[in-house]
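Breakdown of the fold
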Amino acid sequence: MPETGLRRSLGPVAGTAMAVGAVLGPGVLVLPALTVRTAGPAALVAWGSMAVFSFALAVALGRAGARLPQADGIVAYARAAFGPRTTALTGYWLLGSVPLAVPVIALVGAGYVTSYFGADPRWTVALAGAQLFGSCALNTLGMSLSGRVQLVLVALTAAVLTGVSLLATGRMRTENFQPFLPHGWTAVATAGLLIFWSYIGFEMVVHLAEEFRNPQRDLPLSMGLASILLSVVYFLSALVTVGTGVAYRDAGLAPLSTLADEALGRAAGGTLAVFALCCSFVAVHSNIAGFSRLMYTQARAGRLPAALGLLHPRRRTPARALAALAAAFALVLAAVAVTGPGLEELVVWPSATFVAVYLVGTLAAAKLLPRGGLGMPAAVLAAAVCLLILPFSWPALLYPAAIAVVGLWATRRGTRGAHDSHG
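Residues numbered from 1 in each chain as written. Predicted model: local features only at pLDDT ≥ 70, side-chain atom pairs only at ≥ 80, totals over all residues. Heavy atoms only, no water.

1. Remarks on the overall build of the chain
Within the chain one finds 16 helices and zero strands. In the chain, 84% of the contacts between residues at least 6 apart in sequence involve partners at least 24 apart. (Helix = DSSP H or I, 4+ residues; strand = E, 2+ residues; numbered from the N terminus. Contact = heavy atoms within 4.5 Å.)

2. Quick notes on the nonpolar core
Judged by nonpolar contacts, the single largest core of 125 residues is most densely connected at Tyr77, Tyr199, Phe202 and Ile288. In this structure Tyr77 touches Leu61, Ala64, Gly65, Leu68, Val206, Gly361, Ala364 and Leu368, once residues within four positions along its chain are discounted. (Core = buried A, V, L, I, M, F, W, Y, C linked by side-chain atoms within 4.5 Å. Buried < 20%, exposed > 50% of the residue type's maximum accessible area, 1.4 Å probe, protein only.)

3. Here's the deal with a nonpolar patch on the surface
On the surface, Val45, Phe180, Leu181 and Trp185 cluster together to form a nonpolar patch covering roughly 350 Å² of accessible area. Along the chain, Trp185 falls in helix H8 (residues 184-196). On the basis of relative accessibility, which here comes to 54%, the residue Trp185 falls in the exposed class. (Patch = residues over 30% accessible without salt bridge, like charges linked within 9 Å, V, L, I, M, F, W, Y side chains within 5 Å. Areas by Shrake-Rupley, 256 points an atom, 1.4 Å probe, with all protein chains shown as cover. Salt bridge = Lys/Arg side-chain N within 4 Å of Asp/Glu carboxyl O.)

4. Concerning unusual backbone geometry
Omega for the bond connecting Gln178 with Pro179 falls within 30 degrees of zero, at -10°, which places this linkage in the cis form. Looking at the element boundaries, Pro179 is found in the loop between helix H7 (143-168) and H8.

5. Remarks on the packing of helix H3 (residues 43-67) against helix H10 (residues 215-244)
Contact geometry for H3 and H10: axes closest at 8 Å, N-to-C directions at 170°. Between H3 and H10, the angle is such that the two are roughly antiparallel. (Axes fitted to C-alpha atoms, helices over the stretch in contact; angles between N-to-C directions. Parallel < 35°, antiparallel > 145°, perpendicular 65-115°, else oblique.)

6. Some words on the packing of aromatic side chains
Summed over the entire model, instances satisfying the criterion amount to two aromatic pairs. Geometrically, the ring pair formed by Tyr199 and Tyr234 is edge-to-face, given 5.3 Å between the ring centres and 75° between the ring planes. Here the residue Tyr199 occupies a position in the loop between H8 and helix H9 (202-205), and Tyr234 occupies one in helix H10, the gap between them amounting to 35 residues. Summarising the burial analysis for this pair, Tyr199 and Tyr234 share the class buried. In this structure an aromatic cluster arises from ring pairing among Trp47, Tyr199 and Tyr234. (Phe/Tyr/Trp six-rings, centres within 6.5 Å; stacked < 30°, edge-to-face > 60°.)

7. Description of the pattern of salt bridges
Where side chains of opposite charge bring their charged atoms close, a pairing between them can arise. If you walk through the whole model with that rule in mind, you get one salt bridge. A salt bridge links Asp120 to Arg122; the shortest N-O distance between them is 3.0 Å. A relative accessible area of 67% places Arg122 in the exposed class.

8. A closer look at helix H1 (residues 12-23)
Over its twelve residues, H1 extends 17 Å from the first C-alpha to the last, a length consistent with the 16 Å expected when each residue adds 1.5 Å. Within H1, ten of the twelve residues are buried, leaving the element largely enclosed by the surrounding structure. Taken together, the buried positions of H1 are occupied by Ala14, Gly15, Thr16, Ala17, Met18, Ala19, Val20, Gly21, Ala22 and Val23. (Expected span 1.5 Å × (residues − 1).)

9. Notes on the side chain of Ser237
In this fold, Ser237 is placed in helix H10. Of note is the side chain of Ser237, whose polar atom sits 3.0 Å from the backbone oxygen of Val233. (Polar contact = N/O pair within 3.5 Å; in protein donor to acceptor, adjacent residues only side chain to side chain.)

10. Some words on the environment of Leu94
The topology assignment puts Leu94 in helix H5 (residues 84-117). Considered as a pair, Leu94 and Phe291 are 197 residues apart in the sequence and their alpha carbons are 8.3 Å apart.

11. A few points about the environment of Pro220
With respect to the helices and strands, Pro220 occurs in helix H10. Considered as a pair, Pro220 and Ala66 are 154 residues apart in the sequence and their alpha carbons are 6.6 Å apart. Sequence-distant contacts of Pro220, that is, excluding residues within four places in its chain, are made with Gly62, Arg63, Ala66 and Pro215.

Remember, this is a structural readout, not a statement about activity or role.
Right under this line is the structure:
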């Protein structure tokens, strides 16, 4: 019989690579120094605390995905736990945020390269477009090839980050850890909020659940391993940023580039700048893979045009959804090229929706998962952190609020139209 659904080709190794790739982006080259400047050496407390949150989130979403291995991920959890209205709302939040957030990831990596080499800023948009459209094309070819490419890129990324950090440990000095808490515990909490964004991306992995060969085993395993690997890489980068004092130098917001120059020579800085492009492509690729599957399932459910639910006849990939996503990316890049906004302006509003999405996902997981296992308490812990962070996202919360109003209005109008047609 011919295949009718998504092709199951992912195992635990490729799944872990996709999960790491969805989260690990070019921000890791900047964020350690930014948090140290915010909270001093005590930023390490924030990194450790957010590592615990990351593991709890990965366990909660991974085990919920094993229980409901469907391509709409958190939307499926909301449907099973809370009903159709929350389901529609969660879907609209994701649909309204990712087409803006993913181009920002590409622009960060591209901007790092063009600024390092002093290139014309127009190349930033061009390099971002190459990442976005290249990933859409690669995802159209199927998750088997896509997973292998992702595995190579993730291995390279983790090796470079870890290698540079380990080389820099010899330059660490104990005096750089004093005073440990120069700006108080409020600054540590602020650093934690910054670090939260470095763990965004896990929600995209659960959308690949239908493409795991054994989702009940491999999805939670992949997400748990990814959380541990990410936290080790992040904490090591933050540790050497504190210990070497590089965060307080003129080029401190790109600490690994400075450390690479000092340890290996000037050529290493340029290599690391190009490596930043690999970092951004890894994150872009996983997010596009997951989001195109969400579009596919939403089209199957009737919330998006039916054409987006059509699969490639041979490769069984959501080619129409990927084409629509590429068109949305083109519009965003064109707007950026014309208006030239700062990256902060682009990222802050759609990013606020991820806090709301994670809150729904973890609350749903807490309701659906059995009390006897690790998943339920992990979901409660992750939900508590999301609730703590949510008020600090103001005024960016206006963006998910606006999506909620428009989405619920569209859902109510569609329901009323369906009733009228049957009347």
